[in-house]
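Breakdown of the fold
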Amino acid sequence: MKLFVNKTSPYARKVLVLLQEKGEAGARVAVVQTDPWASPEDLLAVNPASKVPSLETDDGWSLGESWAIAEYLDAVLPGPRLLPAEGEARWRELRLAAMAQALTDAAFDAAIESRRPEGERSPGWVARQMAAAVRMIAALESEAEILAGGFGLGALSVGAALDYVAFRHADLQWRETAPRLAAWHAEIIRRPSFQATDPRA
Ligand SMILES: N[C@@H](CCC(=O)N[C@@H](CS)C(=O)NCC(=O)O)C(=O)O
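Residues numbered from 1 in each chain as written. Predicted model: local features only at pLDDT ≥ 70, side-chain atom pairs only at ≥ 80, totals over all residues. Heavy atoms only, no water.

**Re the site of the ligand**
Around the ligand, the structure places 13 residues, and the nearest of them are Lys51, Val52, Glu65, Ser66 and Gln101. Between the ligand and the protein, one listed contact pairs an oxygen atom with a side-chain N or O atom of glutamine 101 at 2.9 Å. Against a free-state accessible area of 510 Å², the protein chains account for coverage of 86% of the ligand. Those elements that provide at least two residues to the shell around the ligand are α1 (10–21) and α4 (88–114). Across the shell around the ligand, the residue classes tally to seven nonpolar, four polar and two charged. (Near = heavy atom within 4 Å. Polar contact = N/O pair within 3.5 Å; in protein donor to acceptor, adjacent residues only side chain to side chain. Areas by Shrake-Rupley, 256 points an atom, 1.4 Å probe, with all protein chains shown as cover. Helix = DSSP H or I, 4+ residues; strand = E, 2+ residues; numbered from the N terminus. Nonpolar A, V, L, I, M, F, W, Y, C, P; charged D, E, K, R; others polar.)

**Overview of the domain arrangement of the protein**
Partitioning the protein into structural domains gives domain 1 (2–76) and domain 2 (88–191). The gap between the C-alpha centroids of domain 1 and domain 2 is 21 Å. With 13 residues of domain 1 at the interface, the matching set in domain 2 holds 15 residues. Taken together, both faces of the contact between domain 1 and domain 2 bury some 1,300 Å²; the carbon and sulfur share is 62%. Among the residues of domain 1 in contact with domain 2, Pro10, Tyr11 and Lys14 are the three that bury the most area, contributing 41% of the side total. (Domains from an automatic or database assignment. Contact = heavy atoms within 4.5 Å. Buried area = accessible area lost by both parts, 1.4 Å probe.)

**Notes on the sheet that holds strand β4 (residues 62–64)**
Within the open sheet, the four strands sit side by side as β2-β1-β3-β4. Their pairing is mixed. Each end of this open sheet is capped by a strand with a single partner; those strands are β2 (30–33) and β4. Between one strand and the next, the sheet's axes are offset by a mean angle of 20°, whatever the strand orientation. With three bridges joining them, strand β3 (residues 54–56) and β4 adopt antiparallel strand pairing. Residue pairing in the sheet places glutamate 56 in a bridge with serine 62 of β4. Set on the sheet, helix α3 (residues 66–76) makes contact with β1 (2–5), β3 and β4; between it and β4 the angle comes to about 125°. (Pairing = 2+ DSSP bridges. Axes fitted to C-alpha atoms, helices over the stretch in contact; angles between N-to-C directions.)

**Regarding the pattern of salt bridges**
For the coordinates displayed, the defined rule picks out 13 salt bridges. Between glutamate 21 and arginine 191 there is a salt bridge; the shortest N-O distance is 2.9 Å. You can see glutamate 21 sitting in helix α1 and its partner arginine 191 sitting in the loop between α9 (179–188) and α10 (192–195), a full 170 residues away along the chain. Under the relative-accessibility criterion, glutamate 21 is labelled buried at 16%. For arginine 191, a relative accessible area of 28% corresponds to the partly exposed category. Glutamate 187 is the salt-bridge partner of arginine 190, the closest N and O atoms lying 3.3 Å from each other. As far as the burial class goes, arginine 190 and glutamate 187 line up, both exposed. Connected through salt bridges with shared partners, the residues Arg13, Asp163, Asp198 and Arg200 form a single ionic network. (Salt bridge = Lys/Arg side-chain N within 4 Å of Asp/Glu carboxyl O. Buried < 20%, exposed > 50% of the residue type's maximum accessible area, 1.4 Å probe, protein only.)

**Re the side chain of histidine 169**
Relative to the elements of secondary structure, histidine 169 occurs in the loop between α7 (153–168) and α8 (174–177). The exposure class of histidine 169 is buried, given its relative accessible area of 8%. There is a polar contact of 2.8 Å between the side chain of histidine 169 and the backbone oxygen of alanine 107.

Listed below in structure tokens is the structure:
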């Protein structure tokens, strides 16, 4: 299997952390660093949308979207299951993962918009996305105890999303407003899977 990623992509990082958590099985996936913004041919062949992460499976078919790739790799690779196949535990993980995706989308959109050339940039759009990110962090602060209850796809996704906010929006100082979440996050990012995928390294 071949996984196209970019070092600073928060979406790709979620999948890279999952691969690390799968241990030796994760090493079966070949990781290809690419620049999706340059629309390289090999990435387009796997995903015409030219986005990372994108996965080419051993059967030769393609999969886009970090949440779909994460679920697929979690199911087909041996190792600890991060998303239970059914039941209440599955919805718990998916609910947290969806909150993390909302936070990532808002923080990522704001970062991209801020980097557009003067005249193409919309301060109103940046402000809207940052307000959404702040609200998602407040919502996740209320989930701190649930997050501390176990490490699955939910905690993995929230950990990666918050670290992206710390990386790209340091001035937001999110830890000041979410102390319980900050304490939980400080522990999570010490996991070897997070250390090995740190975009700053
Ligand atoms: N919803 C997608 C978002 C993926 C995404 O937007 N990736 C960015 C990099 S962080 C990308 O490849 N952008 C290139 C482009 O939009 O042209 C997911 O969850 O995987």
